[in-house]
Amino acid sequence: MLNSVITAAADPLGHVLDKTIFEIGGQAITMNTLSLVVVAVLFVLMIRGAAKRIEVGPESDGAERYVTRGYFSKILELIVMFLREKVFRPQLGPQTDKFTPFLLTLFFFIWFSNLFGMIPLIDLQYLATSLTMGEEKKIVGGTPTGRLAVTGALATIAFLVWHVAGLRINGFKNWAAHFTAGAPWFIWPIMIPVEIIGSIVKPAALCIRLFANMTAGHVLLAVVLGFTGGAIGAVGLVKGVPVALIAFIGGLGIFFLEVFVSTLQAFIFTVLTTIFISQMVHHHHEDDHHAEAYDGHEHSMATDEAAAVTA
């Protein structure tokens, strides 16, 4: 029985396909939906708990009240400071504080969702239900960001934020001027469709990149781990154990690689969103910069507090 359980738990499709758990008023509640709720609750609880340990304590603590308490809170504070000062501020300049809460929420939610998928909840549910009920069942687990609808929603939110921010800060005229790319008017029939397509491709790339990396990583890990049970069942104990051992070691390496990719993809999604916001927010400033360049005046990037990096 244990061999069949391990083989079922290592089924690649079982780790990436969504499944309807129950329905409420005709609306299907799926495994990914429950996973998103669990991640959201854990996200809020962990961030709130860390924030209380980061905030300044009572005056009775003396100088110690300024010291962050707890290893997790210190790591979280380090990540926040790095993102705000080394990623957000060089791109957004004086607008940094306005967008930092949104960007940090985006980063940590994606990061926690990615890492949540690394917890073998599906495998544990397969094992528990097989031993107690005689059949494999799963209720919660998997990676929420391994579902195209989830990454598409995140990319859509980011898309709306950078365009609404551009409209509010620069006004409609300067926001619309972004689609001309500063080109002469007679090139606008070419530039405007290209820029419109580009504005659609950006969120699509964010969506597909995150979805593809999370899905591919879990499928690869499940395939490799599938050999740990499948090899013994296919060729016997003597020949199967060495293959299973090699597969387990390889799966362990892929697991740590997947943890790194989960962090990297959250970082890339946030960085690109920051850049796209910067391009919309500082578009008018960039036009002035180009005008100065044509007039022959010198302009140093070092003196530009909010110089945006173009993608």
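This text follows the structure it describes.
For every chain, the first residue of the written sequence is number 1, and numbering continues from 1 along that sequence. Since the coordinates come from a predicted model, pLDDT governs what is reported: local features require at least 70, and pairs of side-chain atoms require 80 or more to be given and counted, while whole-chain, interface and lining totals use all residues. The side-chain figures draw on all heavy atoms in the structure; neither hydrogens nor water molecules are used.

**Student:** Go over the overall build of the chain with me, naming the residues and quoting the values.
**Tutor:** Of the regular secondary structure elements, the chain holds 10 helices and two strands. Overall, the chain shows an N-to-C arrangement of helices and strands of α-α-β-β-α-α-α-α-α-α-α-α. Only protein chains enter the calculation, and the probe is 1.4 Å; a residue is then buried if its accessible area is under 20% of its type maximum, exposed if over 50%, and partly exposed in between. Out of the 311 residues belonging to the chain, those deemed buried represent 37%. What makes two residues a contact is simply this: any of their non-hydrogen atoms within 4.5 Å. Within the chain, contacts between residues separated by at least 24 positions form 71% of all contacts whose residues are at least 6 apart in sequence. Of the roughly 17,300 Å² of accessible surface on the chain, 71% is carried by carbon and sulfur atoms. Strands are runs of DSSP state E lasting at least 2 residues, helices are runs of H or I lasting at least 4, and numbering of each runs from the N terminus. Accessible surface area values rest on a Shrake-Rupley calculation with a 1.4 Å probe, where residue burial reflects the displayed protein chains alone.

**Student:** I'd love a proper account of the packing of aromatic side chains, names of residues and values included.
**Tutor:** Think of it this way: a Phe, Tyr or Trp ring, Trp meaning its six-membered ring, pairs with another when their centres are within 6.5 Å, and the plane angle makes it stacked under 30 degrees, edge-to-face over 60, tilted otherwise. Going through the model one piece at a time under the given rule, you end up with 14 aromatic pairs. Geometrically, the ring pair formed by W175 and F179 is edge-to-face, given 5.2 Å between the ring centres and 80° between the ring planes. Accessibility assignment for this pair places W175 and F179 in one class, buried. An aromatic cluster is built from F43, F107, F108, F109, W111 and F112, whose rings are joined through pairwise contacts. Here, over-ring charges are defined by two tests on the NZ atom of lysine or the CZ atom of arginine: distance to the ring centre within 6 Å, and angle to the ring normal within 35 degrees. One cation-aromatic arrangement involves K74 over Y71; the distance from NZ or CZ to the ring centre is 5.9 Å.

**Student:** Run through the pairing of strand β2 (residues 27-30), naming residues and quoting values.
**Tutor:** Of the strand pairs in this sheet, strand β1 (residues 20-24) and β2 are connected by four bridges, and their pairing is antiparallel. Paired with F22 across the strands is I29, a residue of β2. Pairs of strands are assigned from DSSP output, requiring at least two bridges between the strands.

**Student:** Let's hear about the packing of helix α3 (residues 31-54) against helix α4 (residues 71-92): which residues, and what values?
**Tutor:** All axes here are fitted lines through C-alpha atoms, helices being fitted over the stretch that makes contact, and every angle between N-to-C directions spans 0 to 180 degrees. In the contact formed by α3 and α4, the axes pass within 9 Å of each other and the chain directions differ by 90°. Comparing the axis directions of α3 and α4 gives the class roughly perpendicular. Residue-level inspection shows M46, I47, A50, R53 and I54 of α3 in contact with α4, the latter providing F72, S73, L76 and E77. Classification convention: Asp, Glu, Lys, Arg as charged; Ala, Val, Leu, Ile, Met, Phe, Trp, Tyr, Cys, Pro as nonpolar; all other residues, Gly among them, as polar. Here the contact of α3 with α4 is composed, by residue class, of six nonpolar, one polar and two charged. Angles below 35 degrees are treated as roughly parallel, those above 145 as roughly antiparallel, those between 65 and 115 as roughly perpendicular, and all remaining angles as oblique.

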